[in-house]
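# Results of the structural survey
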Amino acid sequence: MTPRAEFVHWFFAAGILFVGLCLLAEAVAGREVWERRPWRRYLWPGTAFAMGVLLWPVMAFYTNSAIHMYAHGSWAEALMLAGGAELGLVHGRLRSPYWRLAWPLAFLVTGIAFLVHEQNPWFFARSAFLHHTLGWTFVVAATVPLALVWRPRSTALRASFALVVVLVSVQLFADRDVAPVFGHLSPLAGLPHR
Amino acid sequence: MNSAYAHHNLSDRTRISRPQIVSLIGPAVAAAGVVWALVQPYRVTLLHPRGQGFWWLLAEPPLLVVLVGVVFSLVVARPLLADLEGAG
């Protein structure tokens, strides 16, 4: 009854896409207008935190190797830390803008975990390819939330952050358990399904 | 014709306002999901549900994209547009 790994990736992709769209709308509308309604302040940080919490059952039920457990566990911790720090900042409990360093940290931890826990080469199967691209996306794009710590009002940086999050969701939606990538599929990967 | 006036007039016509961008995000995402479903109809298991299990019927990636676009439009974009118009 446990869903396939690809189903879980698609559900998380939907949540990440929603967060990305909220970030984009916030970048376009401006923080003053975005924060005009109190519930909206908590919307995307709360969604990010909730996804961090939901990664714990993923860690528990998809432990096909120790390294998968460590990867999912580290994502859960990093996402909860970043979402929680943002919630504390928008609520006013946390005051130092350096709490926003939790986002580049979360990106780096996530990217490294993606790269380390994928044991197969790029063109082994689509899931391996996407693990590599997701890992490098997170590692390189960690510079965007890092720059936002010092330039929090920059519309270009905020829009870039949103588009990176949307890009991550697109990659997760493209994931399949066993499927070819650009015509390549290792015979060791198993039989592809629809 | 005054070139400064012509330039100003052109930029007024071509510039997309912030409310327009916000109002376009949700429909654009929903449309992307519809296009995906048309390009890869086999990803929508509801179109051929016989013999499919619960998770195959629940997890429909193109429809999830459409759902996110619709929910964003109704829950986020609509009140945000009202606030943007109030601020403008």
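See the structure above.
Here we summarise the structure given alongside this text. (Residues numbered from 1 in each chain as written. Chains lettered and ligands numbered in written order. Predicted model: local features only at pLDDT ≥ 70, side-chain atom pairs only at ≥ 80, totals over all residues.)

### Remarks on the overall build of chain B
Within chain B, the regular secondary structure consists of 4 helices and 0 strands. Starting at the N terminus, the α and β elements of chain B follow one another as α-α-α-α. Counting only residues that meet the buried cut, chain B has 23% of its 88 residues in that class. Nonlocal contacts in chain B, meaning residues at least 24 apart in sequence, comprise 73% of its contacts between residues at least 6 apart. (Helix = DSSP H or I, 4+ residues; strand = E, 2+ residues; numbered from the N terminus. Buried ≥ 20, exposed ≤ 12 C-beta atoms within 10 Å, placed from the backbone. Contact = placed C-beta atoms within 7 Å.)

### Here's the deal with the overall build of chain A
A tally of helices and strands in chain A yields 9 helices and 0 strands. Starting at the N terminus, the α and β elements of chain A follow one another as α-α-α-α-α-α-α-α-α. Its C-alpha atoms give chain A a radius of gyration of 17 Å, within 12% of the compact-globule value 16 Å for 194 residues. Projected onto its principal axes, the C-alpha coordinates of chain A cover approximately 55 × 30 × 25 Å. Across the 194 residues of chain A, 40% fall into the buried class. (Rg over C-alpha atoms; globule rule 2.2 N^0.38 Å.)

### Observations concerning the packing of helix α6 (residues 102-117) of chain A against helix α7 (residues 126-141) of chain A
Residues and elements named next belong to chain A. Their axes nearest at 7 Å, the elements α6 and α7 cross at an angle of 155°. Taken as axis vectors, α6 and α7 run roughly antiparallel relative to one another. Both α6 and α7 take part in a crossing whose hand is left-handed. Between α6 and α7, the residues in contact are Phe107, Leu108, Thr110, Gly111, Ile112, Phe114 and Leu115 and His131, His132, Leu134, Gly135, Trp136, Phe138, Val139 and Ala141, respectively. The residue inventory of the contact of α6 with α7, partitioned by class, reads 10 nonpolar, 5 polar and no charged. (Axes fitted to C-alpha atoms, helices over the stretch in contact; angles between N-to-C directions. Parallel < 35°, antiparallel > 145°, perpendicular 65-115°, else oblique. Left-handed = near helix turned anticlockwise from the far one by under 90°. Nonpolar A, V, L, I, M, F, W, Y, C, P; charged D, E, K, R; others polar.)

### With respect to the environment of Leu191 of chain A
Residue and element names in this part refer to chain A. Take Leu191: it is sitting in the segment after α9 (155-173). You can call Leu191 exposed: it has 7 C-beta atoms within 10 Å. Leu191 sits 24 residues away from Leu167 along the chain, and the two C-alpha atoms are 28 Å apart.

### Observations regarding the interface of chain A and chain B
Contacts between the two partners involve 19 residues from chain A and, on the opposite side, 20 residues from chain B. Examining the composition of the side of chain A that touches chain B, we find that 12 residues originate from one element, helix α1 (residues 5-29) of chain A, more than from any other. Taken together, the residues that form the side of chain A that touches chain B break down as 15 nonpolar, no polar and 4 charged.

### Section: the nonpolar core
Residues and elements named next belong to chain A. Counting 65 residues, the largest nonpolar core has Leu21, Leu23, Ala25 and Leu79 as the members making the most contacts within it. Examining the composition of this core, we find that 16 residues originate from one element, α1, more than from any other. Ignoring any residue separated from it by four or fewer positions in sequence, one finds Leu79 in contact with Ala48, Met51, Gly52, Leu55 and Ala106. (Core = buried A, V, L, I, M, F, W, Y, C linked by C-beta atoms within 7 Å.)

### Thoughts on the environment of Ile112 of chain A
On the secondary structure map, Ile112 of chain A appears in helix α6. For Ile112 of chain A, a count of 16 C-beta atoms within 10 Å corresponds to the partly exposed category.

### So, helix α8 (residues 143-150) of chain A
An α-helical turn contains 3.6 residues, so any two residues separated by three or four positions project in the same direction. Residues and elements named next belong to chain A. Taken residue by residue, α8 has Val144, Pro145 and Leu148 as its buried positions. The arc that holds the buried residues of α8, viewed along the axis, is 90°, so those residues lie on one side. Looking at the buried residues of α8, the elements they touch are α6, α7 and α9. (Arc of directions from axis to C-beta.)

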